[in-house]
Amino acid sequence: MAAITLWLAVTGQLALYIHPRYNVFTVTMSIIAVVLAVASVVGRRDHDDEDAPPPRRSQRALGLTAAAVAGLFTLGMVLVPPASLSTATADQREMNATAGGDEESLAAAATADEASIARFTVREWAAILRQTSDLSFFADKPVTDLVGFVIADEDDPENVFYVSRFVVTCCAVDAQPLGVPVHLPDWAATFEPDSWVSVSGEFASNPSSSSLQPVAVIPDTVDSVEQPREPYLF
Amino acid sequence: MSSPSLDSARAPGPHDGGGSDRAGRDHAGHDHAMAGPRRRPAHYLWLVGGVGVLVTMVALRSLTAEAGPWGLPNPVQDLLTLSTSVVVESLPFIVLGIALSILVQVWIPEAWLLRILPRNPWGRRAVISLFGMFLPVCECGNVPLARGLVRRGFTIPESMTFLVAAPILNPVTIITTHQAFGFDDGILVARLLGGFLIANVLGWLFSKHPDPHSLLSGRFAEQCRLDDGHGHTHSRRDQTLDLFVRESSILMPALVIGSLVAGGIQVLVPREVLVSLGSDPLLSMLAMMVLAFVISICANVDSFFILPFASTFLPGSIVAFLVFGPIVDIKMLALMRTTYSTRTLVQLTTIVALMSAGLGLVVNYVA
């Protein structure tokens, strides 16, 4: 497993599982584990527990089962291509529950220049949307190339979807979905849930009558894009 | 209140009955040492086999990478991703825990650790419960360290006191909890005091056990006897490698199984089931503890995970989550089972659950 972890690090795929701040620690400890594992095979002398009584049948069966599960799981880690979390997990967690933001950040966003606004990610927009639905605030703030995966708005799944990203604090287990609502009638005819898109457009009052989101992006363009190398926001 | 002598609660070793009946076996151990280093042909077979497996895996991985995504159903793919995430996140802590355990068992002078501790059992356990301040390892990494402490002569209740307190009373957890909640509603203070209190009450209760050895799993108890029976005949290098192999081969399968179960439940159990319970003062506490048990998230970051629930759930429920989770969850039970008996874990879980819930009720009443 340590070797697979190193392989994930070398191929830049550790970010699918843990926050990059842990990369150095993870790689260091994995190297230590691999070195000790190799040393134990190559250099360990023969003094196993000859004195140990043979394990009971139940103990042996339990041990073998655990080892088999661990072996299969390791094999799965090798064979199944690494993947980011999907809408199945996003559905299990409340959208935008962790969208941060305070009055200061809102004031900073209000006075941000065009270039800064163009770099806003799902995180920044979600935080802003959590604090205000005042359309005058969004008047001169277009959405530019906002990248995320598609997940349906459960209140109006036919006409509204979220451009969504997971925010990870430590590892994928704590991933929390953030999303920006986009109003695009019959979007599912063009885009699959879970597919990655880039959205440009402007915020406006949400035309949907059933969606609970008062403000949504009215898109100028919605393009399919490749999943980013780091799909999560950290 | 009196406490049994330290020796009576210590893991079986050469200074008690467990060692004397193995004198003949010690002799056999000495024979090995005198015969000098030797390697079984099996070692070379393992080496060749290991290299072969590695090459095969790399080849298989290359083939599957070219084949692209497998198109697994989302829940299955997410189960794998979540479980792998827990394993990858926990692995370095487990290795660090094993390394610290080896350090304590093999490289630190035998009497040093025990000598610096107070003789009074309460004071001794109180100091041990603060070890986490200097060992900021998350809970899964503390399991091998707790095992190492038992082998090094600490009593079983003392090892438990350390294991329970260390994930909560460590600087990383304190900082992240403060970042998430500040001093609002006394959540941070309640978590720290609660962790300290529960650990020391547990240590005290288990120190009253008439047969402390029975608290251990049969396999671990036997390993303790064998360590003490002929461990001194090996070089430190050999002891280091032996311990690494033994601990990793025991802990890694437990970690994988715990991670798989935790990942599976996260995918399969609707979140609404838990959240719908959040409005009831008592049920919300239960829901939070069940959530902590299910998600099996690291104590260092669980505050950020639970932060979104703070507006829905009462502060006491959040405290119950933050205290119960680092001590008892799916992953930890799988790991702790390598060391303690099932009966011990049932008792430990019951006590921790009751105390966490009690603590939560107090916080709700005060806050």
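Quick notes on the rules
- Residues numbered from 1 in each chain as written.
- Chains lettered and ligands numbered in written order.
- Predicted model: local features only at pLDDT ≥ 70, side-chain atom pairs only at ≥ 80, totals over all residues.
- Heavy atoms only, no water.
- Helix = DSSP H or I, 4+ residues; strand = E, 2+ residues; numbered from the N terminus.
- Rg over C-alpha atoms; globule rule 2.2 N^0.38 Å.
- Contact = heavy atoms within 4.5 Å.
- Areas by Shrake-Rupley, 256 points an atom, 1.4 Å probe, with all protein chains shown as cover.
- Phe/Tyr/Trp six-rings, centres within 6.5 Å; stacked < 30°, edge-to-face > 60°.
- Buried < 20%, exposed > 50% of the residue type's maximum accessible area, 1.4 Å probe, protein only.
- Salt bridge = Lys/Arg side-chain N within 4 Å of Asp/Glu carboxyl O.
- Expected span 1.5 Å × (residues − 1).
- Axes fitted to C-alpha atoms, helices over the stretch in contact; angles between N-to-C directions.
- Left-handed = near helix turned anticlockwise from the far one by under 90°.
- Pairing = 2+ DSSP bridges.
- Core = buried A, V, L, I, M, F, W, Y, C linked by side-chain atoms within 4.5 Å.

Q: Is there a simple way to think about the overall build of chain A in this case?
A: Counting its regular elements, chain A contains 8 helices and 5 strands. Relative to the 2.2 N^0.38 estimate, which gives 17 Å for 234 residues, the radius of gyration of chain A is 24 Å and therefore markedly larger than a compact globule would have. With the C-alpha coordinates of chain A rotated into their principal frame, the extents come out at 80 × 35 × 30 Å. Put simply, of all contacts in chain A between residues at least 6 apart along the chain, 69% involve residues at least 24 apart. Carbon and sulfur atoms form 56% of the exposed surface of chain A, whose accessible area is close to 10700 Å².

Q: How should the packing of aromatic side chains be read in this particular structure?
A: Each aromatic ring pair is characterised by the separation of its centres together with the angle its planes make. All names here are of chain A. In total, this model carries 13 aromatic pairs over all chains according to the counting rule given. Geometrically, the ring pair formed by Phe 138 and Phe 203 is tilted, given 4.7 Å between the ring centres and 45° between the ring planes. Within this pair, whereas Phe 138 is found in helix α8 (residues 135–138), its partner Phe 203 is found in strand β4 (residues 196–205), the two being separated by 65 residues in sequence. Judged by its relative accessible area of 2%, Phe 138 falls in the buried class. Taking the relative accessible area as the measure of exposure, Phe 203 reaches 8% and is therefore buried. Note on Phe 166 and Tyr 232: the rings are 6.3 Å apart at their centroids and 85° apart in plane angle, and the pair reads as edge-to-face. In this pair, Phe 166 is assigned in strand β2 (residues 160–167) and Tyr 232 in the segment after β5 (215–224), connecting sequence segments 66 residues apart. Tyr 232 carries the same exposure label as Phe 166, and that label is buried. Within the aromatic cluster, the residues linked to one another by ring pairs are Phe 120, Trp 125, Phe 137, Phe 138 and Phe 203.

Q: I'm lost on the pattern of salt bridges in this one. Help?
A: All told, the structure shown has 6 salt bridges over all chains when counted by the stated rule. Salt-bridge contacts for A:Asp140 lead to A:Lys141; the nearest nitrogen and oxygen are separated by 3.2 Å. Classification of A:Asp140 by relative accessible area gives exposed; the value is 54%. Several salt bridges converge on common partners, so that one network encompasses B:Arg147, B:Arg151 and B:Glu247.

Q: Explain helix α8 (residues 139–151) of chain B here, please?
A: Since one α-helical turn is 3.6 residues long, residues separated by three or four positions face the same way. All names here are of chain B. With 13 residues, α8 should cover 18 Å at 1.5 Å per step; its first-to-last C-alpha distance of 19 Å lies within 8% of that length. Most of α8 is tucked away: 13 of the 13 residues are buried. Positive phi appears at Gly 153, one or two residues downstream of α8, with a value of about 115°.

Q: Please clarify how the side chain of B:Ser259 should be interpreted in this entry.
A: Residue and element names in this part refer to chain B. Within the fold, Ser 259 resides in helix α13 (residues 236–268). Given a relative accessible area of 0%, Ser 259 falls into the buried group. Dropping the residues within four chain positions of it, Ser 259 is found in contact with Ser 83, Val 86 and Val 87.

Q: I keep staring at the packing of helix α7 (residues 121–128) of chain B against helix α9 (residues 156–165) of chain B and nothing clicks. Help me out?
A: Each pair of packed helices gets described by two things: the angle between the helix axes and the distance between those axes. All names here are of chain B. Their axes nearest at 8 Å, the elements α7 and α9 cross at an angle of 35°. As for the relative orientation of α7 and α9, their crossing is right-handed in sense. Between α7 and α9, the contacting residues are Arg 124, Arg 125 and Ile 128 on the first element and Glu 158, Thr 161 and Phe 162 on the second.

Q: Explain the pairing of strand β1 (residues 143–152) of chain A to me, please; I cannot follow it from the model alone.
A: Consecutive side chains along a regular strand alternate between the two faces of the sheet. All names here are of chain A. Pairing between β1 and β4: 5 bridges, direction antiparallel. Pairing of Val 147 across the sheet is with Ser 198, part of β4. Of the strand pairs in this sheet, β1 and β2 are connected by 4 bridges, and their pairing is antiparallel. Within the sheet, the bridge partner assigned to Val 150 lies in β2 and is Val 163.

Q: Which parts of the structure should I look at to understand the environment of A:Pro193?
A: All names here are of chain A. Examined against the element boundaries, Pro 193 turns out to sit in the loop between β3 (176–183) and β4. A relative accessible area of 39% places Pro 193 in the partly exposed class. A C-alpha to C-alpha distance of 7.0 Å links Pro 193 and Ala 152, two positions 41 residues apart in sequence. With sequence-adjacent residues up to four places away left out, Pro 193 is seen in contact with Val 150 and Trp 187.

Q: Could you clarify how one ought to interpret the pairing of β3(A) in this entry?
A: Taking burial as the measure, the 8 residues of β3(A) include 8 buried ones, the bulk of the element. Side chains of β3(A) alternate between two faces, with A:Gln176, A:Leu178, A:Val180 and A:Val182 and A:Pro177, A:Gly179, A:Pro181 and A:His183 buried alike.

Q: Teacher, can you tell me more about the nonpolar core here?
A: Counting residues in hydrophobic clusters, the biggest one holds 123 residues, and the most contacted among them are B:Ile306, B:Ile318, B:Phe321, B:Tyr340 and B:Leu348. The greatest single-element share of this core, amounting to 13 residues, is contributed by helix α5 (residues 74–107) of chain B.

Q: What exactly am I supposed to notice about unusual backbone geometry here?
A: Leave glycine aside and you will find that most residues have negative phi; peptide bonds, for their part, are mostly trans. All names here are of chain A. Its identity is not glycine, yet Asp 186 carries a phi of approximately 55°, on the positive side. On the basis of relative accessibility, which here comes to 53%, the residue Asp 186 falls in the exposed class. Unlike most non-glycine residues, Asp 194 shows phi in positive territory, near 85°.

Function cannot be read off these values alone, since they describe shape.
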